[in-house]
Amino acid sequence: MSLFNYQSRVIQIGDLPVGGHYPIRIQSMTSTPTMDTQATVEQSIRMIEAGCEYVRITAQGVKEAEHLAVIKKELRKRGYTTPLIADIHYQPKAAEIAAQCVEKVRINPGNYIDRNKGKAEYTESEFQAEVEKIRDRIKPLLRICKQYGTALRIGSNHGSLSERILSRYGDTPLGMVESALEFVRICEDLSFYNIVLSMKASSVKVMVQANRLLAKKMMEEERNYPIHLGVTEAGDGEDGRIKSAAGIGPLLEDGIGDTFRVSLTEDPEYEIPVALSITKKFNQTKERTKASSPVVQSPGFNPFSFTKRKTIRQGLIGNSQPPVVIVNSQSFIKKDRKTGILPDYISTAKNILIIPDGSMVGPEVVSFDATNDNENILNDVCDSVLVLDTNVDLPIHESRKTISGLIEKKSQIPIILKRNFKGLSKEDLVLKAASDCSFLLIDGLIDGIWLESETVDLQSISEISFGILQASGSRITKTEYIACPSCGRTLFNIQQALSKIKERTNHLKGIKIAVMGCIVNGPGEMADADFGYVGAGPGKINLYKGKLVVKKNVNEDMAVDELIDLIKSHGQWIDK
């Protein structure tokens, strides 16, 4: 029950096409200073040899854009022909120079031309006048792109929309889509079609909803440009991998996405194996039907906004309660509840649920699956919880189809997704489970998850489960970190800073802390964070409370301590 089966056109990026029935392409971005030729070339080679198919490099100004030619020449000299992408913010001239050298240029409509003027409202005439200014200013870039065969990625980022778009649509998925499509219409009016689009956010729900809405609108308007996917500021380690898979996987399941990047706060070559694992299944089955309109057919939920399915309460499960975590075995190793990794229920050999300390029995559970006729099951389980019991080989679409059928029957029985990941390593289980569970969690269709594996220990299963709930925005049980992957604009060691901050703050449950490399996207894209740690210059950090900067140009060696003091001053600190 793939909702869209979006069929994109083929776009040529250098000698590597994207879209159509071509494989889903993997890309990443260098984190070295662009002007450091050797470091950038060496890192690019490590990325390419790991499997990166497009290499993106920041060009924050004219001199960096000019230097891309030097980097490209050295890569070609060493025998690497991988297409290069220039990442542009604020500098139309830099985009024009880069377009004469690299195979693709990425611009963000929110901070490329449409600058903020401190206006909260625009009349229709003022709104359209700004559109005409954009048309005039982007003409030179499109002329160069046509002359050199350069592709253009128009990428809207949540939190980085222009004030003009915000005034009409707000900081919403619709605003992200309209910001990009506005540029698309201008490009088409000027006979330029070598376009890739992207909708990126640090929120998995926002990212999924925006890309679905983009696909829907393009299909309605008979457009079919390739779509690039990515969860921005996913962070590092297992949490970063879970969050990336939780956003990218469900969209690929729904037939949306032709290329993507896993954005981890780690060296970029470590992103590639994660991306390869996510995309393996989809490249084996990338057969999408041509469609001129969305394939959404009474799914029983709204795929463009979150509404939790209405259910009755059974113990800790259902109604307005957050999704639960269930694991097998009475022998589950109990740990201090402060760690936040104890499951809500453990299951005995007879499929009876009990809370971990054994003091209370949970509701009765009844197993059913997505492959059998469950027509009569509702007659006998009005006081139970339904467990949708599936294995890793069963397409997750079948589970959604079954749940949609229950919604149409007005059933309010809570549903637990039980998924058995036989034969998978822990690393592959993390990615597969995050993709499958998020597929149903982000649409509010299930009331909990129950993961099984013969090869991964139960404590890890519990931790992974809670990580999936947090990544999908379903339940917050630990500190959440919004951290960008770094690039040539970052003027401090963001990986080291994130590690120090996590070491000091990982016991603060429910607080969101953003660690951002620079002010280009940082303040906007971390807007829902409680506290922010943002690079302001070489060795200098700005600290934020919400959207407001409260301390400027703090020395890097003192910044983590200052961040802790800021958290304490707002009464949100607890001792370990």
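Look up: the structure comes first, before these words.
Computed from a predicted structure; not experimentally measured.

1. Focus on the nonpolar core
- Formed by 126 residues in total, the largest nonpolar core has its most connected members in Val105, Leu197 and Ile468.
- Among the elements that make up this core, the one with the highest residue count is helix H8 (residues 204-220) (10 residues).
- In this view, Ile468 contacts Ile242, Ala433, Ala434, Cys437, Ser438, Leu441, Ile449 and Leu451; residues no more than four positions away in its chain are not counted.

2. Regarding the packing of helix H9 (residues 237-253) against helix H13 (residues 458-471)
- H13 packs onto H9 with a crossing angle of 55° between their chain directions and a minimal axis gap of 9 Å. Between H9 and H13, the angle falls in the class oblique. Between H9 and H13 lies a crossing whose hand is right-handed. Counting all contacts with H9, which are made through Glu238, Ile242, Lys243 and Ala246, the residues of H13 involved are Ile464, Gly467, Ile468 and Ala471.
- Looking at the contact of H9 with H13, its residues break down into 5 nonpolar, 1 polar and 2 charged.

3. Here we look at the sheet that holds strand E17 (residues 448-452)
- Pairing in this open sheet of 7 strands is mixed, and the strands run E13-E12-E11-E17-E16-E15-E14 from one edge to the other. Among the strands making up the open sheet, the edge pair consists of strand E13 (353-354) and strand E14 (365-368).
- For strand E16 (residues 415-420) and E17, the ladder comprises 4 bridges, and the chain directions are parallel. Within E17, the position partnered with Asn420 by the bridge is Glu452.
- Taken strand by strand, H13 contacts strand E11 (324-328) and E17, and its axis lies near 160° from that of E11.

4. Focus on H9
- Between its first and last C-alpha atoms H9 spans 24 Å; for 17 residues at 1.5 Å apiece the expected length is 24 Å, and the two agree.
- Of all 17 residues in H9, 13 are buried; the element is thus mostly enclosed.
- Looking one or two places after H9, you find Gly255, whose phi comes out positive at around 80°.

5. A look at the packing of aromatic side chains
- Going through the model one piece at a time under the given rule, you end up with 0 aromatic pairs.
- One Lys or Arg, Lys216, reaches over the ring of Phe304 and ends 5.8 Å from the middle of that ring.
- Positioned above the aromatic ring of Trp450, the side-chain terminus of Lys418 is 4.1 Å from the ring centre.

6. What to know about the pattern of salt bridges
- Taken as a whole, this structure holds 36 salt bridges when the rule is applied.
- In this structure, the salt-bridge partner of Lys216 is Glu220, at a minimum N-O distance of 2.7 Å. Residue Lys216 and its partner Glu220 are located together in helix H8, separated by 4 residues, close to a single helical turn.
- Look at Glu220 and you get partly exposed, because its relative accessible area is 46%.

Reading guide: rules and limits
Residues numbered from 1 in each chain as written. Predicted model: local features only at pLDDT ≥ 70, side-chain atom pairs only at ≥ 80, totals over all residues. Heavy atoms only, no water. Core = buried A, V, L, I, M, F, W, Y, C linked by side-chain atoms within 4.5 Å. Buried < 20%, exposed > 50% of the residue type's maximum accessible area, 1.4 Å probe, protein only. Helix = DSSP H or I, 4+ residues; strand = E, 2+ residues; numbered from the N terminus. Contact = heavy atoms within 4.5 Å. Axes fitted to C-alpha atoms, helices over the stretch in contact; angles between N-to-C directions. Parallel < 35°, antiparallel > 145°, perpendicular 65-115°, else oblique. Left-handed = near helix turned anticlockwise from the far one by under 90°. Nonpolar A, V, L, I, M, F, W, Y, C, P; charged D, E, K, R; others polar. Pairing = 2+ DSSP bridges. Expected span 1.5 Å × (residues − 1). Phe/Tyr/Trp six-rings, centres within 6.5 Å; stacked < 30°, edge-to-face > 60°. Lys NZ or Arg CZ within 6 Å of the ring centre and 35° of its normal. Salt bridge = Lys/Arg side-chain N within 4 Å of Asp/Glu carboxyl O.

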